[in-house]
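# Reading the structure
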Amino acid sequence: MPLLLLAAARPCAPLLAPSAAGAVVGRPSTARPLGRGTRRGASAAVAAEKTVVKAAEEEGGGEYDAIVVGSGIGGMVAATQLAAKGARVLVLEKYVIPGGSSGYYRRDGFTFDVGSSVMFGFSDKGNLNLITQALEAVGHKMEVIPDPSTVHFHLPGDLSVLVHREYDDFVTELVNKFPHEKEGILKFYGTCWKIFNSLNSLELKSLEEPLYLFGQFFQKPLECLTLAYYLPQNAGDIARKFIKDQQLLSFIDAECFIVSTVNALQTPMINASMVLCDRHFGGINYPVGGVGGIAMSLADGLVDKGSEIRYKANVTNVILENGKAVGVRLSNGKEFFAKTVISNATRWDTFGKLLKVEELPEEEKNFQKNYVKAPSFLSIHMGVKASVLPADTDCHHFVLEDDWANLEKPYGSIFLSIPTVLDPSLAPEGHHILHIFTTAGIEDWEGLSRKDYEKKKELVATEIIKRLENKLFPGLQDSIVLKEAHQKHTEDFLREMMVHMDPCHGSIDGLYCVGDSCFPGQGVIAVAFSGIMCAHRVAADIGLEQRSPVLDAGLLGLLRWLRTLA
């Protein structure tokens, strides 16, 4: 699963327990409800989650500045950024905890991250530490554990590459594997750093608000021009300018695959650069107690700022009046109204389910025709005996055993996360968590009966585990004490070029989109960026921040023109 999706995004707030009425409002948890990296902390976490807060009123609420549909990281960042600016925000979540793909669940003493444990955005420097910034905006900070590496690649031809936290160590290892390509390696990753440094020098707010854009350009013209130059380019073409060795180019394909689920030729250079450099600049840092703490802590901060989050609140419709989004309707018929509506549902759910087909603008219909579905994923959560793993086991692994051609094929490659290497409190003493991802074609699972579906899932999971046993951990199958497989039929679509992705504000007045189907794409750090940009744009639109209507049409036209060039 892609690092930006997984990695790309709970010290946390009281977990909300559902009321008899089916909705809760307020805080989701006390500080660090998922643990503090010790067994004692994990026990305290369980007790904290028993806290019950008051039930929400049955009636719909009053007028809000913004309603956010869904509490994934993108939605929560947008909501908290707006709340920090003084807006009154209501977040509506259909489940009983926040987080979406960055949530968690528990089984028999194991705390499983729903997504990956590869977490960007937690550093204390630069401008790309977006998770740190988002938490600070609402007065929160999380305890994290630095990961000494990003991922250990196990590739065809017995190629083994460990991506060290320290950049020089990584380059040294890669040059030792490909000494004849030293110059090309330095030039390719040097270009990544050039892009990353340009992006990291800018205060990241909104790529849609004209006054902000002009200010950034005049302050940092060379950096802005650098980003504009590389915006329509992909990582594969840049790599091929400097590198000839096909195995090394295939390695860069694998590097990009865990960013975007496509090869380097289909991965935007800016996306690739952000990940391939930030893993060394800010590093990978795992939140103590689990990834689920990010959304939980943001939800706590939202309430601290006087806004609301309601659970078991299933939004089924966006309400339009005279072509403008003015509110939402829940599955129970209750309605809530606001100056603006921000959808953290996917772009396709927003314009395919929350709005009626006849209400869709032609621009939106054309947008959806330009994309093909991305792979779905088979996710396997396991609890295993700790003795099966060597003492020096790395936290993250990427396995592609025999043939580079299998990289993008269903079940061809395996991504493995072992978060208990960093935080042992997530599992009972003497045990580890293994979280395994592999791509799976949705067509392989369609039309199956429930019985056949479960049987196929078990067969595929068993084969994946056997491959890991053969490649990495002998005796793995016999060490399993808990196993669950989940098939994720994603609604994400492949985005070949980042500039093709629309920003948060579409063609319906008052309606905004945020999350991994918006610019800049997949992953915790990317959706956090999306949330920050969206909040800045909404704040400008509702008068909480300065904007320039005179410049609006011209610069948005320029943005659209730049996207057509790619």
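Reading guide: rules and limits
Residues numbered from 1 in each chain as written. Predicted model: local features only at pLDDT ≥ 70, side-chain atom pairs only at ≥ 80, totals over all residues. Heavy atoms only, no water. Salt bridge = Lys/Arg side-chain N within 4 Å of Asp/Glu carboxyl O. Helix = DSSP H or I, 4+ residues; strand = E, 2+ residues; numbered from the N terminus. Buried < 20%, exposed > 50% of the residue type's maximum accessible area, 1.4 Å probe, protein only. pLDDT = per-residue confidence, 0-100. Contact = heavy atoms within 4.5 Å. Core = buried A, V, L, I, M, F, W, Y, C linked by side-chain atoms within 4.5 Å. Polar contact = N/O pair within 3.5 Å; in protein donor to acceptor, adjacent residues only side chain to side chain.

A separate point is the pattern of salt bridges. Tallying each qualifying case throughout the model produces 13 salt bridges. A salt bridge links E255 to R279; the nearest nitrogen and oxygen atoms lie 2.8 Å apart. With E255 in helix 10 (residues 246–260) and R279 in helix 11 (residues 269–281), this residue pair connects regions lying 24 residues apart in the sequence. Here E255 matches R279 in class, with each residue buried. Between D349 and K353 there is a salt bridge; the shortest N-O distance is 3.4 Å. You can see D349 and its partner K353 sitting in helix 13 (residues 347–354), 4 residues apart, about one turn around the helix. Overlapping salt bridges, with partners in common, bring together R88, E308 and R310 in one network.

With 75% of its residues at a pLDDT of 70 or more, the protein has an overall mean of 81. Here residues 206–211 is modelled with pLDDT under 50, and outside its nearest four sequence neighbours on either side it reaches 27 contacts, counting other chains as well.

Another point: the nonpolar core. Grouped together as the largest cluster of nonpolar side chains are 107 residues, with contacts concentrated most on F153, F188, Y189, F251 and F398. Broken down by element, this core gets its largest block of residues, 11 residues, from helix 17 (residues 524–541). Leave out the neighbours within four places in its chain, and F153 touches L159, S160, V161, V163, F251, A254, E255, I258 and F398.

Moving on, we come to the side chain of S425. With respect to the helices, strands and loops of the structure, S425 is situated in the loop between strand 16 (414–417) and strand 17 (431–440). Here the side chain of S425 touches D423 through a polar contact of 2.7 Å, side chain to side chain.

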